[in-house]
Amino acid sequence: MEPKIHLLPEELTHKIAAGEVIERPASILKELMENALDAGATNLQIEIEKGGCASIRITDDGEGMDPADVPLSFRRHATSKLAVFDDLYRLSTFGFRGEALPSIAAIARVELLTRQPQAVAGTRIVVENGRIQEVRETGCPVGTAIFVSKIFDAVPVRKKFLKTEATEQAACMEVITRTALSHEGVKIRVLSNGRQQWDIPAAPDKGRRLGLVLGRETSDSLLAVKGVRGNISITGYISRPEVARSNTKSIYCYVNGRYVRDPLLNHAIMTAYRNLMEAKRYPAAALFL
Ligand SMILES: Nc1ncnc2c1ncn2[C@@H]1O[C@H](COP(=O)(O)OP(=O)(O)OP(=O)(O)O)[C@@H](O)[C@H]1O
Ligand SMILES: [Mg+2]
């Protein structure tokens, strides 16, 4: 028999790897928001077109990037957040893999403008389908602005499996909600198809942020939660049993600032409400472990 194993071309392996990080527009948004927060941003502007299927722009006021780091940031496994293996045990950032930007740029066109506070000029880079098209000095505000377009144009199968614009838009809004709840000090403005959808000011505490994000009715009924056991602590808010919902969508759990959707945690919350709520009714909660 003839040997039949061959190595895949690099461009193809990148596209396959990108598929694991970037499934839909909301995944792009999640990665870009996390990068902005890792850069210390306190002000985010998010613009999505057609539910994020056409384009996503996110502008932050974070620390920006050094010109030399800009092309590197699009290389796989290039990160400023992790240096040695043990760093994984003391991570304070969302990012650590150095995968997000190269993955996004493997399946779309990315235009990035960035400037550090002390720098006189910023840098503009354009990367499309994994290839750097342009890098040059430019004038721009301090922080980073990233514009992602032609999303999945080079991966037609992915494009075909996108849901309706409304569904993708809802997924984007969910990503924004999750981040908004855990980062109450960050101002977030969201425009969808050019129209303002959200303008959430920085809030002094998570309780007030919850009201702005989940609505007055929910926030008025919230009870503060606080507890410590061993080296695990929990803080947050839960709704009074009267404010029952028909699904678990309003239960937001975070571990070390990262949103998690975990059946075990949900089960623990439901157990606490067992005799207080009818079957198939669920509370609203935002809990931070
Ligand atoms: N908005 C931003 N502001 C400042 N620096 C950024 C921004 N976005 C990315 N960077 C820089 O680019 C690098 C690469 O970003 P990328 O998201 O690809 O990797 P990461 O965040 O390090 O890890 P992960 O893949 O887990 O997200 C980051 O480590 C960071 O130094
Ligand atoms: Mg990242």
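This is a predicted model, so every value here is computed, not measured.

### Points about the overall build of the protein
(1) Moving on: Assigned secondary structure in the protein consists of nine helices and 13 strands.
(2) Moving on: For 289 residues, the compact-globule estimate of 2.2 N^0.38 gives 19 Å, and the C-alpha radius of gyration of the protein, at 21 Å, lies within 12% of that figure.
(3) Moving on: If you line up the protein on its principal axes, its C-alpha atoms span 65 × 60 × 45 Å.
(4) Moving on: Contacts in the protein between residues at least 24 apart in sequence constitute 61% of all its contacts with a sequence separation of at least 6.

### Section: unusual backbone geometry
(1) Moving on: Phi angles above zero are rare outside glycine, and Asn 129 is one such case at about 45°.
(2) Moving on: When you line up the elements, Asn 129 lands in the loop between strand E4 (122-128) and strand E5 (131-138).

### Topic: the site of ligand 1
(1) Moving on: With respect to spatial proximity, 21 residues lie near ligand 1, and among them Thr 79, Ser 80, Lys 81, Arg 97 and Glu 99 are the closest.
(2) Moving on: Between ligand 1 and the protein, one listed contact pairs an oxygen atom with a side-chain N or O atom of Thr 79 at 2.5 Å.
(3) Moving on: A distance of 2.9 Å is found between an oxygen atom of ligand 1 and a backbone nitrogen or oxygen belonging to Phe 96.
(4) Moving on: Expressed as a share of its isolated accessible area of 590 Å², the protein-covered part of ligand 1 is 95%.
(5) Moving on: In the shell around ligand 1, the residues fall into eight nonpolar, eight polar and five charged.

### Observations concerning helix H4 (residues 100-107)
Note that an α-helix has 3.6 residues per turn; residues three or four places apart therefore point the same way.
(1) Moving on: Among the eight residues that make up H4, eight are buried, leaving the element largely enclosed by the rest of the structure.
(2) Moving on: When H4 is considered as a whole, its buried residues turn out to be Ala 100, Leu 101, Pro 102, Ser 103, Ile 104, Ala 105, Ala 106 and Ile 107.
(3) Moving on: Residues of H4 that are buried in the fold lie against helix H1 (10-21), helix H2 (25-38), strand E3 (109-115), E4 and strand E6 (143-149).

### Considering the environment of Asp 220
(1) Moving on: Relative to the helices and strands, Asp 220 is located in helix H8 (residues 216-220).
(2) Moving on: Accessibility expressed as a relative area gives 53% for Asp 220, which makes it exposed.
(3) Moving on: Through-space distance from the C-alpha of Asp 220 to that of Leu 287 is 17 Å; in sequence the pair is 67 residues apart.

### Some thoughts on the domain arrangement of the protein
(1) Moving on: Each assigned domain of the protein is listed here: domain 1 (10-200) and domain 2 (206-288).
(2) Moving on: A separation of 29 Å is found between the C-alpha centroids of domain 1 and domain 2.
(3) Moving on: Across the interface of domain 1 and domain 2, roughly 1300 Å² is buried in total on both sides, 60% from carbon and sulfur atoms.
(4) Moving on: It is Arg 178, Leu 181 and Glu 184 that lose the most area in domain 1 upon contact with domain 2, and together they represent 47% of the buried surface on that side.

The rules behind the values
As a convention, each chain's residues are numbered from 1 in the sequence order in which they are written. Here the convention is simple: chains get letters from A, ligands get numbers from 1, in the order in which they are written. Totals for whole chains, interfaces and linings use all residues, but because this is a predicted model, local features are given only for residues with pLDDT of at least 70 and pairs of side-chain atoms are given and counted only at 80 or more. Where side-chain values are given, they derive from all heavy atoms of the structure, hydrogens and water being excluded. A helix here means a DSSP run of H or I that spans at least four residues, while a strand means a run of E at least two residues long, and both kinds are numbered starting from the N terminus. Two things to know: the radius of gyration comes from C-alpha atoms, and the globule rule equals 2.2 Å times the number of residues to the power 0.38. It only takes one pair of heavy atoms within 4.5 Å for two residues to be counted as in contact. One heavy atom within 4 Å of a molecule or strand makes the whole residue count as near it. For the purposes of these results, a polar contact is taken to be a pair of N or O atoms within 3.5 Å, where, inside protein, one atom must be able to donate a hydrogen and its partner to accept one; residues adjacent in sequence count only when each atom of the pair is a side-chain atom. For accessible areas, the Shrake-Rupley method is used with a probe of radius 1.4 Å. Any residue's cover is judged against the shown protein chains and nothing else. Residues were grouped as follows: Ala, Val, Leu, Ile, Met, Phe, Trp, Tyr, Cys and Pro as nonpolar; Asp, Glu, Lys and Arg as charged; and all remaining residues, including Gly, as polar. Think of it in three bands: with a 1.4 Å probe and only protein chains considered, a residue is buried below 20% of the maximum accessible area for its type, exposed above 50%, and partly exposed in between. These domain limits were set by an automatic method or by a database of domain assignments. For any pair of parts, buried area is found by adding up, for both, the accessible area (1.4 Å probe) each one loses once the two are put together.

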